[in-house]
Amino acid sequence: MKLSALSLALALAAAPAVADLNAGAYLAARSAGLASDYEEAARYYTRALIDDRSNPVLLESTANAYVGLGDVDRAVPVARRLIETGQSSQTANLVMVTDAAKRGEWDGLLADFDAGQSVGPLFDGLAKAWALVGAGQMGDALAAFDDVADNPGVEAFGLYHKALALAYVGDFEGADRILSGDEGTEMRLMRRGVVAFATILSQTDQNDAALDLITVTFGDDLDPALTSLRNQLEAGDVAPFTAITQPSDGIAEVLFSIGAALSGEATPAYTLLYTRLALSLRPDHIEAILLTAELLEDLESYGLATEVYDTVPLDDPSYHAAELGRANALERAGDADAAIEVLTQLTQTHGSLPSVHIALADTLRRQERYADASPVYDRAIDLLGEPQQSHWVVHFARGITHEREDRWELAEADFRKALELNPGQPQVLNYLGYSFVEMNTNMDEALDLIEQAVEGRPDSGFITDSLGWALYRLGRYNEAVVHMERAVELEAVDPIINDHLGDVYWAVGRHREAEFQWHRALSFEPEEDDAARIRRKLEVGLDVVVEEEGAPALRLANDAR
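Residues numbered from 1 in each chain as written. Predicted model: local features only at pLDDT ≥ 70, side-chain atom pairs only at ≥ 80, totals over all residues. Heavy atoms only, no water.

J.: Which parts of the structure should I look at to understand the side chain of asparagine 93?
T.: Following the sequence through the fold, asparagine 93 ends up in helix H6 (residues 90–103). A relative accessible area of 8% places asparagine 93 in the buried class. (Helix = DSSP H or I, 4+ residues; strand = E, 2+ residues; numbered from the N terminus. Buried < 20%, exposed > 50% of the residue type's maximum accessible area, 1.4 Å probe, protein only.)

Here it is, written out as structure tokens:
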């Protein structure tokens, strides 16, 4: 459920000015916060608070740091103190609502809402409705959900949570009517909503309808969690409704629903507040776990992301997804060996999943361990079974691996298979065409492939470079100049593209411009072998370098035009 006007419903309160404080600790905390180092930020903000316990800026920043760290219990007294200063703080109010829900203090929470405590219209409306459920006032709760649904742009939020509340109290028929759209509003459910709807259908003896829902939404190639649910439904068992097991789960679902809607629209740091608080209420909320870890990765807080992924137990159907995420976080943190170890272990526990083998092979390929990657790609492709269009990327990746292993026949077969599955795919067209150019073979086909790639992705500097380089190799230097200049416009700081432009300039007699481009290419720190060749060109010129390499002389290529 996406919401275009979400930023209006969740507008951040303006932060007050900073008063006198421990400048050293504050600056250290600010620096840590900008680096998304929540542990250091929390430590230094807490130290700064010692000298100024009522500073609203410090209090809010400290609360944010603790929530980002996942230590909501330590955020609570800070948030409470911030509210006591009389300052309006969205973070503090979110924390206090979460704390009240965790302790089941529904009457107090309702009183706070009535007294004006607010996060934003959408959150307030949904959270108040769930507080009414917790207080046993179901009639008022349903009316409150309807009030949310009456607001343009957020109808789906109100109806979805109303359906969950009805299912929680056992009115599965009422929940079914809402989620199926029978009450006049089409519902576009996220994965978690589809699973909840399927269990609601099962509770009303509609296992066949639940199976149809899963198939229509996810297809036949299901992950372990969905496979487990499908098996249960096919066996004729009644799938338990576990989306909401107590009213506090409803608040957790509000936090997650809004966090998921914010993802990609708001900053990761802001969205993280919602997902962290959702997890504090419901630590087993798998979708919140995965989204929290992804947000931490976006913030380059890989250590915390790894910790969050690691909270998913081995026997959970989503364990493999968490381990795939953990491996990615480890690799991005620079520990590729640990990532490979995680994925290798995962092939032992979840070896029937193609995605696991693909992730391992991709990681090995990125580490240039091509001989190790090839058999893993082989296993993945075997497990994929009947080729589908989406499988093109696996054949493309294996083709790259084979090409780097100097097994060109196998590489070409994979590239052509990728194009068979996904005709016109620009990356594959470019890679195959450029490979032909580098081997100085099939040049007419190479040019045709690359021209198709440029047509499909005209704003790619790398693909445009391939076209210019193919024309250069064909001796069509004047034509090459236009495309190489365009490539440098698109990828101004790429050393290889700048080097190529220098070669093309030299070939058409623009030697001073060529030397400028080679110097420019060197400034972008190319690989040492490339840098040595560029320095040699600057020393003796491209003609001499070409002769030293045993390639056809440029003047012969010109004569052949």
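J.: Whenever I open this one, the packing of aromatic side chains confuses me. Can you help?
T.: Centre distance and the angle of the planes are the two values used to describe a pair of aromatic rings. Overall, the coordinates contain 13 aromatic pairs when judged by the stated rule. Here the aromatic rings of tryptophan 469 and tyrosine 472 are separated by 4.5 Å at their centres, their planes lie at 15°, and the arrangement is stacked. Pair noted here: tryptophan 469 and tyrosine 472 are both in helix H27 (residues 461–473), with a separation of three residues, about one helical turn. Here tyrosine 472 falls in the buried class, since its relative accessible area comes to 8%. Members of the aromatic cluster, connected to one another through ring pairs, are Trp392, Phe396, Trp408, Phe415, Tyr431 and Phe436. The cationic tip of arginine 43 hangs over the ring face of tyrosine 44; the distance from NZ or CZ to the ring centre is 4.6 Å. We note arginine 191 situated over the ring of phenylalanine 218; from NZ or CZ to the ring centre the distance is 6.0 Å. (Phe/Tyr/Trp six-rings, centres within 6.5 Å; stacked < 30°, edge-to-face > 60°. Lys NZ or Arg CZ within 6 Å of the ring centre and 35° of its normal.)

J.: Honestly, the pattern of salt bridges in this entry has me stumped. Any pointers?
T.: Side-chain pairs of opposite charge can arise whenever the charged atoms involved come near each other. In the structure shown here, the tally under the stated rule is 39 salt bridges. In this structure, the salt-bridge partner of arginine 43 is glutamate 40, at a minimum N-O distance of 2.8 Å. With a gap of three residues between them, arginine 43 and glutamate 40 both fall in helix H3 (residues 38–51), about one helical turn apart. Overall, the relative accessible area of 25% leaves glutamate 40 in the partly exposed class. Of the charged contacts, one joins arginine 326 and aspartate 310 as a salt bridge, the two residues approaching to 3.9 Å between their closest N and O atoms. (Salt bridge = Lys/Arg side-chain N within 4 Å of Asp/Glu carboxyl O.)

J.: Help me out: how do you make sense of unusual backbone geometry in this one?
T.: For residues other than glycine, phi is negative in most cases, and the peptide bonds are mostly trans. With a phi close to 60°, aspartate 205 is a non-glycine residue in the positive phi region. Examined against the element boundaries, aspartate 205 turns out to sit in the loop between helix H12 (191–203) and helix H13 (207–218). You will see that asparagine 440, though not glycine, has its phi angle at about 55°, which is positive. Its place among the elements puts asparagine 440 in the loop between helix H25 (426–439) and helix H26 (443–456).

J.: I'm lost on H6 in this one. Help?
T.: Each α-helix winds once per 3.6 residues, and so residues spaced three or four apart point in a common direction. For H6, spanning 14 residues, the distance from its first C-alpha to its last is 20 Å, which sits close to the expected 20 Å at 1.5 Å a residue. Counted residue by residue, H6 has 12 buried out of 14 residues, so it is predominantly covered. On its buried side, H6 packs onto helix H4 (56–69), helix H5 (72–84), helix H7 (106–114), helix H8 (121–134), helix H15 (247–262) and helix H16 (268–281). Looking one or two residues beyond H6, the residue adopting positive phi is glycine 104, at roughly 70°. (Expected span 1.5 Å × (residues − 1). Contact = heavy atoms within 4.5 Å.)

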